[in-house]
Amino acid sequence: MSNEAAGGASAATAAEPQPGPEPLPHGIGASLPSAESRAKTEGTFPYASDLWAEGLLWAAVLRSPHAHARIVSIDTSQAREMPGVRSVVTHEDVPGEALQGRKTPDRPVFASDVVRHHGEPIAAVAADHPDTARMAAAAIFVEYEILDPVTDPEKAFAAEPLHPDGNLIRHIPLRHGDPEAAGELVVEGLYRIGRQDPAPIGAEAGLAVPRPDGGVELYIASTDPHTDRDMAASCYGIDPGIVKVVVTGVPGATADREDASFHLPLGLLALTTGCPVKLTATREESFLGHAHRHPTLLRYRHHADADGKLVKVEAQVLLDAGAYADTSSDALAAAVSFACGPYVVPNAFIEGWAVRTNNPPSGHVRGEGAMQVCAAYEAQMDKIAKKLGIDPAELRLRNAMATGDILPTGQTVTCPAPVAELLAAVRDFPLPELPKDTPEDEWLLPGGPEGAGDPAAVRRGVGYGLGMVQLLGAEGADEVSTATVKVHDGVATVICAAVETGQGFTTLARQIVQETLGIDDVRVAPVDTDQPPAGPSCHGRHTWVSGGAVERAAKMVRTQLLQPLAHKFGMSTELLQITDGKITSYDGVLSTTVTEAMDGKELWATAQCRPHPTEPLDAAGQGDAFVGMAFCAIRAVVDVDVEIGSVRVVELAVAQDVGRILNPAQLKTRIEAGVTQGVGAALTENLRTPRGLVRHPDLTGYALPTALDIPDIRIVKLVEERDVVAPFGAKAASAVPVVTSPAAVASAVRAATGRPVNRLPIRPQAAVAT
């Protein structure tokens, strides 16, 4: 080829239009990535354990080695005399309220006369080196009179009071329908649910910095900063106005992230020393310090007619709250209210109790209360299907709840409840292929390569689970959140105290503002208690109330932006629209950009979102206690070696009602994470506490599911039937698959083995066929 020809070819190539960069995801419905994802992936995102301050001291907390003991004396003299030790504090040094608690103030900051659970804080130390702090804490001599622990919740009713408030935290006797109603078929069952730990990926850590005005700033991974601030101020005996909680990066939260036993001593040490104090918990301290899922004992009796239609459900639900009340009252309300599941039950009689024991404290863990009863009522449905010879999915379809049905609490289900549609979707989804009986595919069998089992002993089972959870708080909780949206120089800033715990709120807030204002560059300000409260990060609250507050504030700014243009052109703001950063009128007369319309101005607005009120359950367990509900259906396929009891979950097919998909990628991740947590509860996770003592408080002794344990998760259907009372019509997504998947796995193991499987996690002996 000649040079001329070559040059001509080059010119032609250069003249061809080159593909530009793909547009970034934008607004509601797009898979907008998290703003922090890159920093977290690269390890540069700052967590509390990364923080530093000039003159930093280190903290350590002395915890009780006993589950129940009377404190005879505490001698801190050796610890105080150690070089490098700056402060030692006990119950005598708490200047304010000695009892704290998010829901019920019944938990001492430091034990004074008696310890009620293994790991209860006794004292705290601040020193110039973390090893010095730990050695000083170990040097504190505590003389105990060891007492017999009450670890069986059934014995708590007759036991001596473990707490001045007694052993019974709450009793709910639910009465709905005719107590004399009876069915042609009756099945009964006794079920036990173990103690699941939230096992956050990062252990608790924090930094406390004293303020010149006599207050303190706490840098912690709080999921409810304003409540933590108020507890701290009460403990320190100072005004809440001089206590500030700054939320650091949250390294995983499937429960209340920061327990008071970590940050209350931290701030007290900062105030007594006048220096910044940092605490980084070991994994053992993390297990001993924070709350766990309520271990639960459940007794059920189901009545059904000859066609399998439910006639009556009778149940007793006993929650082990551990040493202190925490959120046990709320967990019990959920357990009793949802004890019959997403089924039509004309007559229900449920007795629910939450009691104190000397076991580690229980508290908020995703799906609390609802998860435990789901495992039990789904086992009952399998028993009915087996007795009547009906397909388990068909039996469930005959009883499925729908919008307009009545809960056992007497509340009408007004939100979308496509339970039958969800179940039909997973039932009809193609089943996975059977593994081949060849050496190359041995890894597919329970036990993996060179496992102890015989492939001939492997049986496949298919089971179902239907679950439901509440959205937002219940029983009269004031669900409110406040948000501010500011726009200046082409940048929008969202100020809202809703904590990003991994649920994706900051991403959602950016999408809302992008959708409403047409501004791509949206930033979410860090959270602290100088901002108005937004409430705790649980029950999908921030998708609903905080997202709703952001939307309202953004719409108010939108009105401020469009009003001058509408007035100039003699039209209403409703006739103007913002799309891709451009403002246009319905008739095309007006066309300008958002930047031009701003003209250097700063616009801002603050708004609140408060859903319609609820009411407490009455003496018969009746009342409109819930704002909304979400539903899920899961079909589990398992392979079980029926000789050794090894279980492999092959596939979980999931169908869920989500209201509206706001971020497809984020939604998929949340569902998969919830299912994974449920698989752990079904098969491996059980924090063992013989005589109240936490055994193996580490991630070796506590068996979390790994990537090798997680099955194929098939999201086969997402029902977008919008809840008209929810902002955007969306429902929170992560809790209901946690609730449903353990029940589905247990159902599949029952199908494979013919055994009742009445305990979670499933023990090998329960999966051995008879």
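(A) Region of interest: the overall build of the protein chain. From N to C terminus, the protein chain includes 16 helices and 29 strands. Taken over C-alpha atoms, the radius of gyration comes to 28 Å for the protein chain, in line with the 27 Å a tight globule of 770 residues would show. Taken over 770 residues, the protein chain has a buried fraction of 58%. The long-range fraction of contacts in the protein chain, counting pairs at least 24 apart against all pairs at least 6 apart in sequence, stands at 80%.

(B) Quick look at the packing of helix α9 (residues 370–388) against helix α10 (residues 392–399). Close contact between α9 and α10 brings their axes to 9 Å; oriented N to C, the two are set at 110 degrees. It follows from the interaxial angle that α9 and α10 lie roughly perpendicular. Seen along the crossing, α9 lies across α10 with a hand that is right-handed. Together, E378, M381, D382, I384 and A385 of α9 and P392, L395, R396 and N399 of α10 make up the contact between the two elements. Here the residues of the contact of α9 with α10 sort into 5 nonpolar, 1 polar and 3 charged.

(C) Region of the structure containing the pairing of strand β1 (residues 57–63). Here β1 lies mainly inside the structure; 7 of its 7 residues are buried. The two faces of β1 match: L57, A59, V61 and R63 on one face and W58, A60 and L62 on the other face are all buried. Sheet analysis places β1 next to strand β14 (residues 277–280), joined by 2 bridges and oriented parallel. Bridge assignment links W58 to a residue of β14, and that residue is K278. Relative to strand β7 (residues 121–127), β1 runs antiparallel, the two being bridged by 6 bridges. In the strand pairing of β7, A60 is matched with V125.

(D) Fine view of the sheet that holds strand β23 (residues 582–585). Strand order in the open sheet formed by 3 strands is β22-β23-β24, with antiparallel pairing between adjacent strands. At either margin of the open sheet sits one strand with a lone partner, and together these are β22 (576–579) and β24 (591–593). Ignoring which end each strand starts from, the neighbouring axes of this sheet average 25 degrees apart. Against the sheet, helix α13 (residues 541–568) contacts β22, β23 and β24, and its axis sits at roughly 125 degrees relative to β22.

(E) The pairing of strand β28 (residues 712–719), seen in detail. Both strand β27 (residues 646–657) and β28 contribute to a ladder of 7 bridges, which runs parallel. Paired with D657 across the strands is V719, a residue of β28. Handedness of the crossover is the feature at issue here: the chain leaves β27, passes through helix α15 (residues 664–683), returns alongside β28, and the resulting connection is right-handed.

(F) Region of the structure containing the nonpolar core. Core analysis: the largest hydrophobic core is formed by 110 residues, its most contacted members being Y300, I350, V373, F631 and V745. Non-local contacts of V745, meaning those with residues more than four positions away in its chain, are made with A636, V638, V649, L652, A682, L683 and I762.

(G) Structural detail: the sheet that holds strand β29 (residues 759–760). Across the sheet, 6 strands lie side by side as β9-β17-β16-β15-β10-β29; this open sheet has mixed pairing. Among the strands making up the open sheet, the edge pair consists of β9 (168–176) and β29. Pairing of strand β15 (residues 296–304) with strand β16 (residues 310–320), which is carried by 9 bridges, proceeds in the antiparallel orientation. Each bridged residue has a counterpart across the sheet, and for Y300 the counterpart in β16 is A315.

(H) Molecular detail of the confidence of the model for the protein chain. Confidence in the prediction of the protein chain, expressed as mean pLDDT, is 91, and 94% of residues score 70 or more. Throughout residues 1–17 the model reports pLDDT below 50, and contacts reaching past four residues in sequence, or to other chains, amount to 2 contacts.

What counts and what doesn't
- Residues numbered from 1 in each chain as written.
- Predicted model: local features only at pLDDT ≥ 70, side-chain atom pairs only at ≥ 80, totals over all residues.
- Heavy atoms only, no water.
- Helix = DSSP H or I, 4+ residues; strand = E, 2+ residues; numbered from the N terminus.
- Rg over C-alpha atoms; globule rule 2.2 N^0.38 Å.
- Buried < 20%, exposed > 50% of the residue type's maximum accessible area, 1.4 Å probe, protein only.
- Contact = heavy atoms within 4.5 Å.
- Axes fitted to C-alpha atoms, helices over the stretch in contact; angles between N-to-C directions.
- Parallel < 35°, antiparallel > 145°, perpendicular 65-115°, else oblique.
- Left-handed = near helix turned anticlockwise from the far one by under 90°.
- Nonpolar A, V, L, I, M, F, W, Y, C, P; charged D, E, K, R; others polar.
- Pairing = 2+ DSSP bridges.
- Right-handed = clockwise from strand over helix to strand, strands pointing away.
- Core = buried A, V, L, I, M, F, W, Y, C linked by side-chain atoms within 4.5 Å.
- pLDDT = per-residue confidence, 0-100.

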